[in-house]
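Structural overview for review
The chain contents come next:
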Amino acid sequence: WRMFELRGELENETHLIEIENGTIESLRSRTSFLLVNIGLNLIILWHGYYSSEFSKKLIKEFANDLIEK
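Our subject in this report is the structure included herewith. (Residues numbered from 1 in each chain as written. Predicted model: local features only at pLDDT ≥ 70, side-chain atom pairs only at ≥ 80, totals over all residues. Heavy atoms only, no water.)

1. What to know about the nonpolar core
Phe-4, Leu-6, Leu-34, Val-36, Leu-58, Ile-59 and Ala-63 together form the largest nonpolar core, which totals seven residues. Listed by contribution, the elements that provide at least two residues to this core are strand E1 (2-7), strand E3 (32-37) and helix H1 (53-68). Look past the residues within four positions of Ala-63 in its chain and what remains in contact with it is Leu-34, Ile-43 and Leu-45. (Core = buried A, V, L, I, M, F, W, Y, C linked by side-chain atoms within 4.5 Å. Buried < 20%, exposed > 50% of the residue type's maximum accessible area, 1.4 Å probe, protein only. Helix = DSSP H or I, 4+ residues; strand = E, 2+ residues; numbered from the N terminus. Contact = heavy atoms within 4.5 Å.)

2. Looking at the side chain of Ser-51
Counting through the fold element by element, Ser-51 comes out in the loop between strand E4 (42-47) and H1. Using a relative accessible area of 6% as the deciding quantity, one classes Ser-51 as buried. Side-chain polar atoms of Ser-51 contact the side chain of Ser-32, separated by 2.8 Å. For Ser-51, the contacting residues outside a window of four places in its chain are Ser-29, Arg-30, Thr-31, Ser-32 and Lys-56. (Polar contact = N/O pair within 3.5 Å; in protein donor to acceptor, adjacent residues only side chain to side chain.)

3. Description of the side chain of Ser-32
Turning to its location among the elements, Ser-32 is positioned in strand E3. Setting aside chain neighbours within four positions, we find Ser-32 in contact with Phe-4, Glu-5, Leu-6, Trp-46, His-47, Ser-51, Ser-55, Lys-56 and Ile-59.

4. Thoughts on the packing of aromatic side chains
Scanning the entire structure with this criterion turns up two aromatic pairs. For the pair Phe-33 and Trp-46, a centre-to-centre distance of 5.8 Å together with 65° between the ring planes defines the contact as edge-to-face. A residue pair is termed long-range when its members are at least 10 positions apart, and Phe-33 in strand E3 and Trp-46 in strand E4 qualify at 13 residues. Arranged with centres 4.9 Å apart and planes meeting at 90°, the rings of Tyr-49 and Tyr-50 form a pair that is edge-to-face. Of the two residues, Tyr-49 and Tyr-50, both sit in the exposed class. Over the ring of Tyr-50 we find Arg-30, and its NZ or CZ is 5.1 Å from the ring centre. (Phe/Tyr/Trp six-rings, centres within 6.5 Å; stacked < 30°, edge-to-face > 60°. Lys NZ or Arg CZ within 6 Å of the ring centre and 35° of its normal.)

In short, shape yes, function no, at least from these values alone.
This is the structure:
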């Protein structure tokens with residue numbers, strides 16, 4: 001598994017940061033995460049309780065771009 005955290009407050013500044021050795025303790029309530037398992041062709045979107053609608057929308061767009069590639 002690879003874990004990516006959405007960072008940035010503005011649409012043109014957002015990016016994904018890979019969390020090295022990501023575990024459940026790496027999850028945060030104010031952002032969204034993308035969990036990727038290439039071997040299983042599986043992508044999981046995880047949203048913290050306080051994650052904004054903006055973050056949820058953007059991480060979904062990142063996931064869709066990854067699926068297309």
